[in-house]
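Spelled out from the first residue to the last, the chains are:
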Amino acid sequence: MTTVIARHADTRMAEIVDKVERGERLTLEDGVYLYETDDLLTLGQLANLANLRKNGKKVYFIENMSLYFTNVCEAHCAFCNFRKDQGEEGSYTLSGQEMIDYVDQHIHPGVREFHIVGGHNPHVPFQYYVDSLRVLKEKYPQVTLKAYTAAEIDFFTRISGLSIEEVLRQLMDAGLESLTGGGAEILSDEYRKKMRVEKAGVDRYLEVHRTAHQLGMKTHTTMLYGAIESHEDRVRHMMSIRELQDETNGFQVFIPLSMQPKSPKASIKRRNSAYEDLKTIAISRLMLDNIQHIKAYFINIGTQLTQVALTFGASDVHGTLVKERISHAAGALTPEGLTRDELIWLVKGAGRIPVERDTFYNEVKVYE
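Quick caveat: nothing in here was measured; it's all calculated off a predicted structure. (Residues numbered from 1 in each chain as written. Predicted model: local features only at pLDDT ≥ 70, side-chain atom pairs only at ≥ 80, totals over all residues. Heavy atoms only, no water.)

Next up on the list: the overall build of the protein. Secondary structure assignment for the protein yields 15 helices and eleven strands. In the protein, buried positions account for 58% of the 368 residues. When contacts within the protein are restricted to residue pairs at least 6 apart in sequence, long-range pairs at least 24 apart make up 75% of them. Accessible area of the protein: about 14,900 Å², with a carbon and sulfur share of 49%. (Helix = DSSP H or I, 4+ residues; strand = E, 2+ residues; numbered from the N terminus. Buried < 20%, exposed > 50% of the residue type's maximum accessible area, 1.4 Å probe, protein only. Contact = heavy atoms within 4.5 Å. Areas by Shrake-Rupley, 256 points an atom, 1.4 Å probe, with all protein chains shown as cover.)

Turning our eyes to something else, we now look at the sheet that holds strand β9 (residues 316–319). With respect to topology, four strands assemble into an open sheet ordered β9-β1-β10-β11, the strand pairing being mixed. The sheet terminates laterally at β9 and β11 (363–366), the two strands that pair on one side only. Across this sheet, the average inter-strand angle for adjacent strands is 25°, counted without regard to direction. In the packing of helix α15 (residues 340–348) onto the sheet, contacts are made with β1 (58–62), β9 and β10 (353–357), and the angle to β10 comes to roughly 145°. (Pairing = 2+ DSSP bridges. Axes fitted to C-alpha atoms, helices over the stretch in contact; angles between N-to-C directions.)

Attention shifts here to the packing of helix α6 (residues 150–160) against helix α7 (residues 164–174). Between α6 and α7, the shortest axis-to-axis distance is 9 Å and the interhelical angle comes to 105°. As summarised for this structure, α6 and α7 are arranged roughly perpendicular, according to the angle between their axes. Counting all contacts with α6, which are made through I153, F156, T157 and S160, the residues of α7 involved are I164, V167, L168 and L171. Here the residues of the contact of α6 with α7 are counted per class, giving six nonpolar, two polar and no charged. (Parallel < 35°, antiparallel > 145°, perpendicular 65-115°, else oblique. Nonpolar A, V, L, I, M, F, W, Y, C, P; charged D, E, K, R; others polar.)

A few words on the UniProt feature "binding site: S-adenosyl-L-methionine" (unreviewed entry) in the protein. As recorded in UniProt, the feature "binding site: S-adenosyl-L-methionine" (unreviewed entry) lies at F79, E185 and R196. Mapped onto the elements, E185 comes out in the loop between β5 (176–178) and α8 (189–194). (UniProt positions renumbered as here; feature names shortened; annotations may be inferred.)

Moving on to the side chain of R285. Examined against the element boundaries, R285 turns out to sit in helix α11 (residues 274–287). In this structure R285 touches A47, A50, N51, K54, I291, Q292, H293, I294 and G313, once residues within four positions along its chain are discounted.

A word on the packing of aromatic side chains. For the structure on display, the rule yields eleven aromatic pairs. Consider the rings of F126 and F156, whose centres lie 5.6 Å apart with planes at 45°: the pair is tilted. Here the residue F126 occupies a position in helix α5 (residues 126–139), and F156 occupies one in helix α6, the gap between them amounting to 30 residues. The exposure class of F126 is buried, given its relative accessible area of 7%. According to the relative accessible area criterion, F156 is buried, its value standing at 0%. A cation over an aromatic ring shows up here: R357 above the ring of Y361, its NZ or CZ 4.1 Å from the ring centre. (Phe/Tyr/Trp six-rings, centres within 6.5 Å; stacked < 30°, edge-to-face > 60°. Lys NZ or Arg CZ within 6 Å of the ring centre and 35° of its normal.)

In this structure, H120 sits in the loop between β3 (113–116) and α5. Linking H120 and V72, residues 48 residues apart in sequence, is a C-alpha distance of 6.6 Å.

This part takes up α15. Those residues of α15 lying buried are L343, I344, L346 and V347. Down the axis of α15, the sector holding all buried residues measures 160°, keeping them to one side. The exposed set on the far side of α15, more than 90 degrees from its buried face, consists of D341 and W345. (Arc of directions from axis to C-beta.)

On to unusual backbone geometry. Unusually for a residue other than glycine, E185 sits at a positive phi of about 45°. Among the residues examined, E185 registers a relative accessible area of 6% and is labelled buried. One non-glycine residue, Y361, adopts positive backbone phi at about 65°. Here Y361 shows up in the loop between β10 and β11. Judged by its relative accessible area of 12%, Y361 falls in the buried class.

Looking now at the side chain of D277. In this fold, D277 is placed in helix α11. This buried residue, D277, is left without a salt bridge; R234 holds the nearest opposite charge, at 7.2 Å. Setting aside anything within four residues of it in sequence, one finds D277 in contact with Y225, S258, N272, I301 and L305. (Lys, Arg positive; Asp, Glu negative; His and termini not counted. Salt bridge = Lys/Arg side-chain N within 4 Å of Asp/Glu carboxyl O.)

Turning to the environment of G161, a few remarks are in order. Looking at the secondary structure, you find G161 in the loop between α6 and α7. By relative accessible area, which is 64% here, G161 ends up exposed.

The strand order across the open sheet built from four strands is β2-β3-β4-β5, with neighbouring strands paired in parallel fashion. Looking at strand neighbours, the two that pair on one side only are β2 (64–67) and β5, the edges of this open sheet. Strand-to-strand, the axes of this sheet are offset by a mean angle of 40°, without reference to chain direction. Of the strand pairs in this sheet, β2 and β3 are connected by four bridges, and their pairing is parallel. Note that in β3 the partner of L67 across the bridge is I116. Running over the sheet, α5 touches β2, β3, β4 (144–147) and β5 and is turned about 160° from β4.

What follows is the structure in structure tokens.
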């Protein structure tokens, strides 16, 4: 497999090209430079090279459903339009049976994973969150439970008085098999203060994932970009994840999440540009040399840009989802989900090989 990258007149870019071709780790300064360069094509070629080395032309997806037991939340993060106060119009907290009824209406035999996140609802006990998983696992034992963010786990420690490990062990006993990546936003204390991220701090987010990895769990991790953070903030975020991965090797995938405006009617000036989205995916691939997959999340960047992202370092297009709510509550204009056939078409349309996977990236079927 050969990828030809033209020799570059820009000395700084030429140095980075040489590093990537030799498989050397990029620095903070390298990452910031790549954000500041206008040479999108060389950046894309480098990320494509790095991805082809890891994954060849295979692009992964899963048949999954997004589930939300509650949207009641004690936090008031500046970017969130999903959360509600208790008793506010549109607020809800579903019982286990209500969730079962919802799933029964929408599930089909191909679903392999429930992707479960929600609000930090202080009006129910920790046992509610444990029982929510248990009732799903008992009814659908064949479906993997990928549930809760590191921020939710931290919240559970506060309402239960238990340690991170104790919370995780109870949830695992109820059926938890993997953590979602959310709650990271930008791993910067200054950013979190300015954006009123009223949940787990930087160290706590990383500690939850560290503990989960130590317990044998493989997890996911994200970066929500496009607000007030600098390019350096983004690269430092990636490096924090990279350092933990060096320690634990527990992250399966990194998911750059393009921030959505609070209304679908918001102008394009309130949205990240396609240029910025592609740069972030490519730089993620180059900086995170120890994580196998970078995800292009079509819910945030759209289906056609997702196709382009597959030659900018992405090797995963997430899944069928079935009625995503959080990004759409914040103004996403994309579909709430896609079918298996649509995902296969999307990947093949980019000249790649679609691979249906399970939660742990075991290959279920390769669509040559």
